[in-house]
Amino acid sequence: MKTLHDYLRSTKIESSLIELVELLAETGNKISHLVRQGALANILGAADSQNIQGEDQKKLDVIANQMIKDTLINFSTVAAIASEEEDSIVPANSTGKFLVAFDPLDGSSNIDINGQIGSIFTIYPRLADLAVDNEAQFLQPGRQQLAAGYILYGPSTQLVMSLGKTTQCFTLDESKSTFVLTNEQMQIAKDTQEFSINMSNQRFWSEKMRHYIGELILGASGSRGKNFNMRWNGAMVGDVHRVMMRGGIFLYPSDNRNPKQPAKLRLLYEANPIAMLVENAGGKALNESQSILTIQPKALHERVAVILGSANEVDSCMSA
Ligand code: AHG
């Protein structure tokens, strides 16, 4: 079986990008080790702080953020980083050619219950005409991503990654501390009978979304003529991984709970990298009107509605 190292070197990807991806995988490996230790490593519980988005931070959010940040800002090809847990961008090396954005720990509410969690990352080219401390560096549409991936800390640790046209899955061999290629070309089933949404927000959705989900629930007795099952993990990485493996539709639609925050998931370091992985595995990823990857970002921590997964089901949702 091919290791991540061997796989990357068998591609035509430029070596500096390969080295950066390997560095992110290595850091994910270290975070995975801590996650496995759980209470024994004193990483559970609250950090008694909030991020810029007003969310309570968990200890592991802060630890994982520091680990990824320290690793990246000392790497010569990295120009700047952005993170869910950092108020603004962090400049790194003025001669660097890559920008890295990440959600260090996705699914924070699963940390203390020993549930699935993960890290999400994306790599963009640095814009030559802007200084490395200029936030506009990161306001590039998702189509500009050079690479994207997530590391899922589940019963096994897996790296799902795309460097362009396809999406691969690697599994961590803990005995050798190495990621091994276990699926060279992930393919999301076109059709599905499984959906994933936080139903407790139903009353805040648009009429159109309520109608679409209502028809899924009616199943064989409604207009869809087939039954649907539902799964909700509470961590996007876990829900998306299920969709990657056996198809499905994942939705975090816009809602009117809080007028200042019409959607929950972040465009830069959650929606865009996941959308790249999904599209390169034959799925679709949209907000409520366009492909997520075509959205022109306006702010670093911008939020966006997300509807992704099995292509035919995403189409059904859009035309509902
Ligand atoms: P965070 O990055 O703060 O852990 O947010 C998790 C996200 C995403 O992973 C998940 O799909 C969603 O929030 C869960 O939201 P609910 O609280 O509505 O279940």
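Scroll up a little and you will see the structure.
Residues numbered from 1 in each chain as written. Predicted model: local features only at pLDDT ≥ 70, side-chain atom pairs only at ≥ 80, totals over all residues. Heavy atoms only, no water.

Examining the sheet that holds strand β9 (residues 167-173)
What the 8 strands build is an open sheet, ordered β4-β3-β5-β6-β7-β8-β9-β10; its pairing is mixed. Edge positions in the sheet fall to β4 (90-91) and β10 (178-183), since each has one partner strand and no second. Where strand β8 (residues 157-162) and β9 come together, 5 bridges link them in antiparallel fashion. Note on β9: the bridge partner recorded for S162 is T167. Contacts between helix α2 (residues 15-37) and the sheet are confined to β3 (78-83), β5 (98-106), β6 (117-125), β7 (147-153), β8, β9 and β10, with β7 contributing the most and set at about 15 degrees to the helix. Along the sheet, helix α3 (residues 59-73) makes contact with β3, β4, β5 and β6, crossing β5 at roughly 160 degrees. (Pairing = 2+ DSSP bridges. Helix = DSSP H or I, 4+ residues; strand = E, 2+ residues; numbered from the N terminus. Contact = heavy atoms within 4.5 Å. Axes fitted to C-alpha atoms, helices over the stretch in contact; angles between N-to-C directions.)

Points about the side chain of Q145
Looking at the secondary structure, you find Q145 in the loop between β6 and β7. Residue classification places Q145 among the buried residues on the basis of a relative accessible area of 7%. A distance of 2.8 Å separates a polar atom in the side chain of Q145 from a polar atom in the side chain of T122. If we skip the residues at most four places from it in the chain, Q145 touches T122, I123, Y124, N272, P273, M276 and L293. (Buried < 20%, exposed > 50% of the residue type's maximum accessible area, 1.4 Å probe, protein only. Polar contact = N/O pair within 3.5 Å; in protein donor to acceptor, adjacent residues only side chain to side chain.)

A closer look at the packing of aromatic side chains
Applying the stated criterion to the full structure yields 3 aromatic pairs. When the ring of Y7 is compared with that of F170, the centres are 5.5 Å apart and the planes differ by 65 degrees; the resulting orientation is edge-to-face. Of this pair, Y7 sits in helix α1 (residues 4-9) while F170 sits in strand β9, placing them 163 residues apart in sequence. Neither residue differs from the other here; Y7 and F170 are each classed as buried. Relative to Y252, the ring of W232 lies with its centre 5.9 Å away and its plane at 55 degrees, an arrangement referred to as tilted. Placement of W232 in the loop between β12 (229-230) and α5 (236-246) and of Y252 in strand β13 (residues 249-252) is noted, with a sequence separation of 20 residues between them. (Phe/Tyr/Trp six-rings, centres within 6.5 Å; stacked < 30°, edge-to-face > 60°.)

None of this, on its own, says anything about what the molecule does.
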